[in-house]
Amino acid sequence: MTAVRCACLAASLALAGCSSVGGLTGAVAGIATGAATANPAVGIAVSISVKAATDAGIKHVTRRLQKEEQDLIASIAGHLPVGEIRPWRMQRSIPYGNEHGELQVTRQLDTPLAQCRDVAFSVANDSAAPNPPAASWYTTSICLQLNGWQWAAAEPAVPRWGALQ
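Per chain, residues are indexed from 1 in the order of the written sequence. Residues qualify for local features only when their pLDDT is at least 70, as the model is predicted, and side-chain atom pairs are given and counted only at 80 or more; totals for whole chains, interfaces and linings, by contrast, use all residues. Side-chain measures here rest on the full set of heavy atoms in the structure, leaving out hydrogens and waters.

## Some thoughts on the overall build of the protein chain
Within the protein chain, the secondary structure is distributed over 3 helices and 5 strands. For the protein chain, the α and β elements follow one another from N to C terminus as α-α-α-β-β-β-β-β. Only protein chains enter the area calculation, which uses a 1.4 Å probe; residues under 20% of their type maximum are buried, those over 50% are exposed, and those in between are partly exposed. In the protein chain, which comprises 165 residues, the proportion classed as buried is 25%. Here, residues are in contact when the closest pair of their heavy atoms is within 4.5 Å. Counted over contacts in the protein chain with a minimum sequence separation of 6, partners at least 24 positions apart contribute 36%. Where helices and strands are cited, they refer to DSSP runs of H or I of at least four residues and of E of at least two residues respectively, numbered from the N terminus.

Dropping the structure here:
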């Protein structure tokens, strides 16, 4: 009977989206701890702690993956002449987040303080549906720093935001 429960739990975790993994993991840990200690308060505390740790871990991984993608786009756009369109592709060792599309530098901004570029880029949809939606286009800015071209848009993937993420 325990093997069936474990198989059902594993299947539900595999089918659940990333946003529900923390809740499911916390619930399982809380129920197991509460049953083992016969103390529901301990089970609730463990459940909340495991959910928070799992959610933080998932957010950390997704931010890292997003930063890798941003660094790739910035690197390609940094060496691209204004107006030229070039494809980009993120290829990871794990089959998750292997995005691709096109990018174009739309404007170069040279000031005494910084050398920056405005970039338009698409993210293609590889849906197997008969009529997949067209690629989504986005804009951002990149700036030349000591270690190369970097994403300049202030968003949670930027390390300087620290605890505010």
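## Some words on the nonpolar core
The term nonpolar core refers to a set of buried residues drawn from Ala, Val, Leu, Ile, Met, Phe, Trp, Tyr and Cys, joined through side-chain atoms within 4.5 Å. In terms of nonpolar packing, the biggest core is built from 14 residues, with Ile 73, Ala 77, Trp 88, Leu 103, Val 119, Phe 121 and Ile 142 touching the most fellow members. Looking at this core, the elements with two or more residues in it are helix H3 (40-78), strand S2 (100-110), strand S3 (115-123) and strand S5 (148-151). If we ignore the near neighbours within four places in the chain, the residues touching Leu 103 are Ile 73, Ile 76, Ala 77, Leu 80, Glu 84, Ile 85, Arg 86, Trp 88, Val 119, Ala 120 and Phe 121.

## Remarks on the side chain of Glu 69
With respect to the helices and strands, Glu 69 occurs in helix H3. Although Glu 69 is buried, it forms no salt bridge, and the closest oppositely charged side chain is Arg 92 at an N-O distance of 4.4 Å. For Glu 69, the contacting residues outside a window of four places in its chain are Trp 88, Met 90, Arg 92, Gly 97 and Glu 99. Working convention for charge: Lys and Arg count positive, Asp and Glu count negative, and His plus the chain ends are omitted. The working definition used for a salt bridge is a side-chain nitrogen of Lys or Arg within 4 Å of a carboxyl oxygen of Asp or Glu.

## Description of the pattern of salt bridges
Following the criterion strictly, the structure yields 5 salt bridges and no others. For the salt bridge of Glu 68 with Arg 64, the shortest nitrogen-to-oxygen distance reads 3.5 Å. Of the two residues, Glu 68 and Arg 64 both sit in helix H3, 4 residues apart, roughly one turn of that helix. Of the residues examined, Arg 64 reaches a relative accessible area of 44% and is grouped as partly exposed. We classify Glu 68 as partly exposed; its relative accessible area is 31%. Salt bridges sharing common partners tie together Arg 64, Glu 68 and Arg 92.

## So, the confidence of the model for the protein chain
One number per residue, pLDDT, summarises how confident the predictor is, and it ranges from 0 to 100. On average, residues of the protein chain carry a pLDDT of 76, and 70% of them reach 70 or more. Below a pLDDT of 50 lies the segment residues 3-9, which in the model reaches 1 contact outside its immediate sequence neighbourhood of four places, other chains included. Considering only residues more than four positions removed or in separate chains, one finds that residues 11-15, a stretch of pLDDT under 50, has 4 contacts.

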